[in-house]
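As a plain string of letters, each chain reads:
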Amino acid sequence: MPLGELPARHNSLVMPLNLSLLMTCVVSAISVLRTQGSGPNALALWPSAWALSWYVAFPVLLVILPMVRRITALLVRNR
């Protein structure tokens, strides 16, 4: 299937998947750099830190996303 041709019904999984991959990438990199410094050891540790953080973050995001959407709807005017 070419890129961009997933049916719209998959949006509820694809968006949290992309968000969790990108966010855990950044947060785990910052965490590893902060604890290990910017040496070769940090680069070796980062993939496992990223995998573990994504393994936790993706299911959590799927669970809390409906609540976040409701809170957002309370805070943002819908015209």
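Now for a description of the structure that goes with this document. Values in this document were obtained by computation on a predicted structure and should not be read as measured data. (Residues numbered from 1 in each chain as written. Predicted model: local features only at pLDDT ≥ 70, side-chain atom pairs only at ≥ 80, totals over all residues. Heavy atoms only, no water.)

Focus: helix α2 (residues 40–75)
The end-to-end C-alpha distance of α2 is 44 Å, clearly below the 52 Å that 36 residues give at a rise of 1.5 Å each. At Ile64, α2 shows its largest bend, some 45°, and a proline, Pro66, comes one to four positions later. Every buried residue of α2 is listed here: Ala42, Phe58, Leu61 and Leu65. Those residues of α2 that are buried are in contact with α1 (11–36). (Helix = DSSP H or I, 4+ residues; strand = E, 2+ residues; numbered from the N terminus. Expected span 1.5 Å × (residues − 1). Bend = angle between axes of the 7 residues up to and from the residue. Buried < 20%, exposed > 50% of the residue type's maximum accessible area, 1.4 Å probe, protein only. Contact = heavy atoms within 4.5 Å.)

Some remarks on the packing of aromatic side chains
Overall, the coordinates contain two aromatic pairs when judged by the stated rule. Summarising the aromatic geometry, the rings of Trp46 and Trp50 are spaced 4.8 Å apart at their centres and angled 25° between planes, so their arrangement reads as stacked. One end of the pair is Trp46 and the other is Trp50, both in helix α2 and four residues apart, which spans about a single turn. With relative accessibility at 21%, the residue Trp46 sits in the partly exposed group. Look at Trp50 and you get partly exposed, because its relative accessible area is 26%. (Phe/Tyr/Trp six-rings, centres within 6.5 Å; stacked < 30°, edge-to-face > 60°.)

Bear in mind that shape data such as this cannot, by itself, settle questions of function.
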